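Coordinate inspection notes
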Amino acid sequence: MGVVNVTPDSFSDGGRFLAASRARDHALRLVEDGADILDIGGESTRHGAEPVSGEAELDRVGPVIEAVRAGSDAFLSIDTMKPAVARAAVAAGADVWNDVSALRHEPDSPAVAAAIGAPVVLMHMQGAPRTMQGDPRYGDVVEEVGAFLHARVEAAAAAGLARARILIDPGVGFGKTLAHNLALLRALPALSARCGRPALVGASRKRFIAAIDERARDASDRIGGSLAAALFAARQGARVIRVHDVRETVQALRVQAAMEPAA
Ligand code: HH2
């Protein structure tokens, strides 16, 4: 899954693709680079980001979805917490709803997800983007995130969304320290087993990499760490890997697959 941020303030590429035509060109390049899914977002979820209205979000992503849809058969994902934005994005051609609030942002989110019927990504986040990295704490992070994701899968299913259309995501960097992120990545198979659903992992260019290598202060200096995380996530059974550097990640995954003993 390649990341297409149509925002002025995303942590790694804010402002680069705000114009619809540039976002479209970037998206089509990611498909050429090997992305199967494009994740198009109009609101940054980075730590400290200011919320955006639904209208502003749609003004950003709507034209990009339409333009990319016209130029590619790739699966398109809308990265939004707002059910109205998800609904409009699917009407404009999106196939998947990626919700970092796991259908908690608005009371009717689960019902809207069921009505849309598109696959949904349910991600764990402690707190809200503005404050989540302040002082994240858990008793047992794997147990708590597992219980949360399980409960959100059940809530979505109870609202009428087919379980087969649900992916879970431990939410790397969303209200988590380095130790929390590592524990969750190590526990990915257990999280998937507990929820009965496959996982998506988004670790690309995130700050935990700088917590391991202090020279990786800039997001653009985190490609090596991002590749290591992508390979590890794949070995842990992640079915979708959300990344900024698609070409490099696809190459790394292919080489890893070629080196594995034949199944
Ligand atoms: N991470 C980001 C945004 N959306 N969605 C899922 N399911 N999982 C993630 O880990 C995830 C996500 C943050 O990355 P990015 O889009 O590059 O930055 P920003 O939120 O600042 O736009």
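Since the model is a prediction, treat every value here as computed from it, not as a measurement.

1. Comments concerning empty space enclosed by the protein
To locate leftover empty space, one rolls a probe as large as a water molecule over the atoms. This structure, assessed with the given rule, holds one cavity of 30 Å³ or more. Within this model, the largest cavity holds a volume of roughly 40 Å³. For the largest cavity, the full set of lining residues is Ser 204, Ile 223, Ser 226, Leu 227, Ala 230, Val 243, His 244, Asp 245 and Thr 249. Of the residues that constitute the lining of the largest cavity, the class distribution is four nonpolar, four polar and one charged.

2. Description of the site of the ligand
Close contacts around the ligand come from 19 residues, with Ser 10, Ser 44, Thr 45, Asp 169 and His 244 the closest. Asp 79 places a side-chain nitrogen or oxygen 3.0 Å from a nitrogen atom of the ligand. At 2.7 Å from an oxygen atom of the ligand is found a side-chain nitrogen or oxygen belonging to His 244. Within the complex, the protein chains bury 98% of what would otherwise be the 470 Å² of accessible surface of the ligand. Grouping the amino acids of the shell around the ligand by side-chain chemistry returns seven nonpolar, seven polar and five charged.

3. Regarding the pairing of strand E2 (residues 37-41)
With respect to burial, E2 is a largely interior element, five of its five residues being buried. Of the two faces of E2, the one lined by Ile 37, Asp 39 and Gly 41 and the one lined by Leu 38 and Ile 40 are each fully buried. Direction of pairing for strand E1 (residues 2-5) relative to E2: parallel, over a ladder of four bridges. Residue pairing across strands places Val 3 opposite Asp 39, the latter belonging to E2. With five bridges connecting them, E2 and strand E3 (residues 75-79) associate as parallel partners. By the bridge assignment for E3, Asp 39 is matched with Ser 77.

4. Quick notes on the layout of surface pockets
The computed volume of the second largest pocket comes to approximately 330 Å³. Every residue lining the second largest pocket is counted, 17 residues in all, and those nearest its centre are Met 1, Asp 36, Ile 241, Val 250 and Leu 253. Mapped by element, the contributors of at least two residues to the lining of the second largest pocket are strand E8 (240-241) and helix H10 (246-259). Considered class by class, the residues forming the lining of the second largest pocket number 11 nonpolar, three polar and three charged.

5. Notes on the pattern of salt bridges
Within the structure shown, the criterion is met by 15 salt bridges. For Asp 135, the salt bridge goes to Arg 137, with nearest N and O atoms at 2.8 Å. Overall, the relative accessible area of 60% leaves Arg 137 in the exposed class. Via salt bridges that share partners, Arg 29, Asp 33 and Arg 247 belong to a single interconnected network.

6. Some points on the nonpolar core
Of all hydrophobic cores here, the largest spans 58 residues; its most connected members are Leu 38 and Ile 65. No other element matches the six residues that helix H5 (residues 141-159) contributes to this core. Those residues in contact with Leu 38, other than ones at most four positions away along the chain, are Gly 2, Val 4, Ala 27, Leu 30, Val 31, Val 68, Ala 74, Phe 75, Leu 76 and Ser 77. Met 1, Val 96, Val 121 and Leu 200 belong to the second-largest nonpolar core, a separate cluster that totals seven residues.

7. Some remarks on unusual backbone geometry
Of note, the phi angle at Leu 103 is positive, near 65°, even though the residue is not glycine. One can find Leu 103 in the loop between strand E4 (96-99) and helix H4 (109-116). A relative accessible area of 2% means that Leu 103 is categorised as buried.

8. Regarding the packing of H5 against helix H7 (residues 188-195)
Where H5 contacts H7, the axes come no closer than 9 Å and their chain directions differ by 35°. Crossing handedness for the pair H5 and H7: right-handed. Here Val 142, Glu 143, Val 145, Gly 146, Ala 147, Leu 149, His 150 and Val 153 of H5 come into contact with H7, specifically with Leu 191, Arg 194 and Cys 195. Partitioning the contact of H5 with H7 into residue classes produces seven nonpolar, two polar and two charged.

Procedures and definitions
Residues numbered from 1 in each chain as written. Predicted model: local features only at pLDDT ≥ 70, side-chain atom pairs only at ≥ 80, totals over all residues. Heavy atoms only, no water. 1 Å grid on protein atoms, 1.4 Å probe; cavity = no way out; pocket = protein on both sides within 12 Å on 5 of 7 lines; lining within 4 Å. Points joined across faces, edges and corners; volume = space filled by probe spheres on them. Nonpolar A, V, L, I, M, F, W, Y, C, P; charged D, E, K, R; others polar. Near = heavy atom within 4 Å. Polar contact = N/O pair within 3.5 Å; in protein donor to acceptor, adjacent residues only side chain to side chain. Areas by Shrake-Rupley, 256 points an atom, 1.4 Å probe, with all protein chains shown as cover. Buried < 20%, exposed > 50% of the residue type's maximum accessible area, 1.4 Å probe, protein only. Helix = DSSP H or I, 4+ residues; strand = E, 2+ residues; numbered from the N terminus. Pairing = 2+ DSSP bridges. Salt bridge = Lys/Arg side-chain N within 4 Å of Asp/Glu carboxyl O. Core = buried A, V, L, I, M, F, W, Y, C linked by side-chain atoms within 4.5 Å. Contact = heavy atoms within 4.5 Å. Axes fitted to C-alpha atoms, helices over the stretch in contact; angles between N-to-C directions. Left-handed = near helix turned anticlockwise from the far one by under 90°.

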